[in-house]
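# Topology and contacts: notes
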Amino acid sequence: MSGFARSLRRRPVPPAPDLGHLPPLLARVYAARGVSSAAELELRPDRLIPPATMKNIDAAAERVHRAIEAGERILIVGDFDADGATSVAMGLDALRRMGAANVDYLVPNRFEYGYGLTPEIVELAQPRAPRLIITVDNGISSIDGVAAAKARGIDVVVTDHHLPGSRLPEAQVILNPNQEGCPFPSKALAGVGVMFYLLLQLRARLREAGWFAARGIAEPNLATYLDLVALGTVADVVPLDRNNRILVEGGLARMRRGQARPGIAALLSVAGRDPRQLVAADLGFAVGPRLNAAGRLDDMAIGIECLLCEDPQRAREMALVLDSMNRERRRIGQDMEDQALRALEGIEVDRARLPPALVLFNEDWHQGVVGILASRIKERYHRPVIAFADTGEGMLKGSGRGLAGLHLRDLLDRVATENPGLIERFGGHAMAAGLSLPRAHFDAFVEAFCAVTAVAGAAELEPVLETDGALEAADFDLAIAEALRRAGPWGQHFPEPLFDGEFEVLSQRLVGERHLKLSLAYPGVPQPLEAIAFSVDTQRWPDDSARRLSLAYRLDVNEYRGVRRLQLLVEQLEPA
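Residues numbered from 1 in each chain as written. Predicted model: local features only at pLDDT ≥ 70, side-chain atom pairs only at ≥ 80, totals over all residues. Heavy atoms only, no water.

Here the focus is the overall build of the protein. When helices and strands are counted, the protein shows 17 helices and 17 strands. Look at the contacts in the protein between residues 6 or more apart in sequence, and 69% of them connect residues 24 or more apart. Counting only carbon and sulfur atoms, one obtains 49% of the accessible surface of the protein, whose full area is about 24,400 Å². Charged side chains in the protein number 66 positive and 76 negative. The centres of these two groups are separated by 3 Å. (Helix = DSSP H or I, 4+ residues; strand = E, 2+ residues; numbered from the N terminus. Contact = heavy atoms within 4.5 Å. Areas by Shrake-Rupley, 256 points an atom, 1.4 Å probe, with all protein chains shown as cover. Lys, Arg positive; Asp, Glu negative; His and termini not counted. Charge placed at Lys NZ, Arg CZ, Asp CG, Glu CD.)

Right under this line is the structure:
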């Protein structure tokens, strides 16, 4: 929970549209998220934006087609996070099923090579003698890496979703909905979504050429990859516009039907998630972190092999290794967070001292975990945060998290433009970005980053929690909570419903080390309401003097020993 109480602001609700026979509460929630017709709630795959609307997609499919037809060696170069891992696994498996005889993958070890297609990665790839490199979830900033590949006679097809800089790599083809002149209406695709679109276009091209029929190859059903697309999309925290919601819902539906590939089923199992009740948040908070742990602490290869594995027993063994890595990642992350909070002591009681951005560095921090640390500190203090780790040889590597209304990559671009040579390289998007700079430049970067953040948006620095208003007594109902749960997928820019109200406290106690269990009364509700607030400040709670509480909360379903009951999941609590 946040270190500061955030002001509650109720989302404006336009006049209720005609959304069919929905409960009034759900219609109100949808309307507040801009849904204006029942057609927008149809999340069938046939409602996806057509691939042909993406710039360069024909050229990209044509180049991959030629590589398959000529038996060229194809190398997929991915990123070391969940979006990259799902992109690699999907691309490798689908290309093989389409008849590519020589396709392999390479994911840079973040501790040795850093991010993306670099000259060093091209050199590492040389023994495999690729004729075509396909980047997934990276490449749009790989100017030197693409040039190095080109010098060796290797074509590069870039598939990426990160924002382009002022200069583009000289690749054979660039596929990115965010590049200039691309008419594809959804700019929010994750890397795995861009690769999925390339595969859709490639399959159509091969089908039209009679490729599958001539060779007796079964045409692959690309819907079977939607579990990977859903996982990568949710884990990368991209905005869930309608197109992404179609992709995510398609993947969730397959998983709920028991059709997840063995690797994802194993990750769900070790995370204790029931596939039949799966929602997007389970992918973001349970499966994604376990997959990401491999790239953060070691090598993403085990994560990719888990996703590719077709043997359930072997997949479970790999999932258990990933689970163990994730526990170690959590331990490291908690130690780093404790160190960061000690460095920020005093800010909790004196908000006036809080700078417009927080830039943190500790020479002992783990470079694979600084992104998680930045996310936690951002949630606590409601500031853009960049956390740095020492990578040796006088260099720092940073990972940042942004706020809505303050585009993080744009802020870094402004710092780089106004201070040439300060940052060695950077990239990312609105809510997350990475960068490298010389350690000697750290203090100057802190000053420059705070300065551009202060100019960019003072209003966005005020912590506000948007809610969907108060509930009627009849809304505190298990069936309504179930309907809200199924009404997603919820996520970035399509937030899960959050409500606010005042409650009488019947009882309160700590469970675990830092979780507050509450029994509450609400006017008109005959039975006590169960509620839980996770990770509270144990110096403030329980508070026996608090007889009434002002809560921001979600309607949740708590299942224990097969019994499902209504529970309020508290996002913020303050004495009323």
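Taken as a whole and assessed by the stated rule, the structure comprises zero disulfides. Of all cysteine sulfurs in the structure, the one in C309 sits closest to C306, which takes part in no disulfide; the separation is 7.0 Å. Look at C306 and you get buried, because its relative accessible area is 0%. (Disulfide = S-S within 2.5 Å. Buried < 20%, exposed > 50% of the residue type's maximum accessible area, 1.4 Å probe, protein only.)

This brings us to the environment of Q126. Structurally, the position occupied by Q126 is in the loop between helix 4 (119-125) and strand 4 (132-136). Accessibility expressed as a relative area gives 33% for Q126, which makes it partly exposed. Beyond its immediate sequence surroundings of up to four residues, Q126 is in contact with R152 and I154.

Core analysis: the largest hydrophobic core is formed by 126 residues, its most contacted members being L95, F476 and L555. Sorting elements by how many residues they give to this core places helix 6 (residues 191-208) first, with ten residues. Discounting chain neighbours no more than four positions away, the residues touching L555 are L471, D475, F476, I480, A481, L484, F499, L566, Q567 and L568. (Core = buried A, V, L, I, M, F, W, Y, C linked by side-chain atoms within 4.5 Å.)

Now for the side chain of T233. Within the secondary structure layout, T233 lies in helix 8 (residues 226-235). For T233, the side chain forms a polar contact with the main-chain oxygen of V229, separated by 2.7 Å. Residues within four places of T233 in sequence aside, it is in contact with A190, V192, V238, L240, N244 and V248. (Polar contact = N/O pair within 3.5 Å; in protein donor to acceptor, adjacent residues only side chain to side chain.)

Under the counting rule described, the total for this entry stands at 14 aromatic pairs. Centroid distance F499 to Y553: 6.2 Å. Interplanar angle 45°. Geometry classified as tilted. Taken together, the residues F499 in strand 13 (residues 499-511) and Y553 in strand 16 (residues 548-560) connect sequence positions 54 residues apart. You'll find F499 and Y553 in the same group, each marked buried. (Phe/Tyr/Trp six-rings, centres within 6.5 Å; stacked < 30°, edge-to-face > 60°.)

Before going further, it helps to examine the packing of helix 11 (residues 280-297) against helix 13 (residues 312-343). Across the interface, helix 11 lies against helix 13 with an axial gap of 8 Å and an inter-helix angle of 70°. In terms of orientation, helix 11 and helix 13 fall into the roughly perpendicular class. Note on element contacts: helix 13 touches helix 11 through L322, D323, M325, N326, E328, R329, R330 and I332, opposite P289, R290, A293, A294, R296 and L297. Grouping the constituent residues of the contact of helix 11 with helix 13 by class yields seven nonpolar, one polar and six charged. (Axes fitted to C-alpha atoms, helices over the stretch in contact; angles between N-to-C directions. Parallel < 35°, antiparallel > 145°, perpendicular 65-115°, else oblique. Nonpolar A, V, L, I, M, F, W, Y, C, P; charged D, E, K, R; others polar.)

Ordered by their spatial adjacency, five strands build an open sheet running 7-8-9-11-10, and the pairing between neighbours is mixed. This sheet does not close on itself; its edge strands, each paired only once, are strand 7 (358-361) and strand 10 (425-428). Ignoring strand direction, the axes of neighbouring strands in this sheet form an average angle of 20°. Pairing between strand 9 (residues 395-401) and strand 11 (residues 432-438): seven bridges, direction antiparallel. (Pairing = 2+ DSSP bridges.)

What the rule picks out here adds up to 39 salt bridges. A salt bridge links R33 to D468; its shortest N-O distance comes to 2.8 Å. Remark: D468 occurs in the loop between strand 12 (464-467) and helix 17 (478-486) and R33 occurs in the loop between helix 1 (24-32) and helix 2 (57-70); sequence separation between them is 435 residues. Residues R33 and D468 agree in their burial class; the two are buried. Residue R44 is joined to E42 by a salt bridge in which the shortest nitrogen-to-oxygen separation is 3.6 Å. According to the relative accessible area criterion, E42 is partly exposed, its value standing at 29%. One salt-bridge network, in which partners are shared between bridges, spans R9, R11, R33, E466 and D468. (Salt bridge = Lys/Arg side-chain N within 4 Å of Asp/Glu carboxyl O.)

What follows deals with the sheet that holds strand 16. Strand order around the closed barrel formed by five strands is 13-14-15-17-16, with mixed pairing between neighbours. Taken pair by pair, the neighbouring strands of this sheet meet at an average axis angle of 45°, ignoring direction. As paired elements, strand 14 (residues 515-521) and strand 15 (residues 529-533) share five bridges and run antiparallel to each other. The partner of S519 across the bridge, within strand 15, is E530. Each of strand 13, strand 16 and strand 17 (563-575) touches helix 17; the most contacted strand, strand 16, lies at about 80° to it.

This next bit is on helix 17. All of the buried residues along helix 17 are I480, A481, E482, A483 and L484. Contacts from the buried residues of helix 17 go to helix 1, strand 13, strand 16 and strand 17.

Taken as a whole and assessed by the stated rule, the structure comprises two cavities of 30 Å³ or more. Lining the largest cavity, in full, are E249, L252, R256, V279, A280, R485, R486, G488, P489 and W490. Secondary-structure elements contributing two or more residues to the lining of the largest cavity are helix 9 (242-256) and helix 17. When residues of the lining of the largest cavity are assigned to their parent elements, the largest contribution, three residues, is made by helix 9. By residue class, the composition of the lining of the largest cavity is five nonpolar, one polar and four charged. In this model, the second largest cavity occupies a volume close to 40 Å³. P23, L25, L26, I480, A483 and L484 are the residues that line the second largest cavity. Residue assignment for the lining of the second largest cavity shows that the elements contributing at least two residues are helix 1 and helix 17. Of all the elements, helix 17 adds the most residues to the lining of the second largest cavity, at three residues. Across the lining of the second largest cavity, the residue classes break down as six nonpolar, no polar and no charged. (1 Å grid on protein atoms, 1.4 Å probe; cavity = no way out; pocket = protein on both sides within 12 Å on 5 of 7 lines; lining within 4 Å. Points joined across faces, edges and corners; volume = space filled by probe spheres on them.)

Nothing here speaks to function; it is all geometry.
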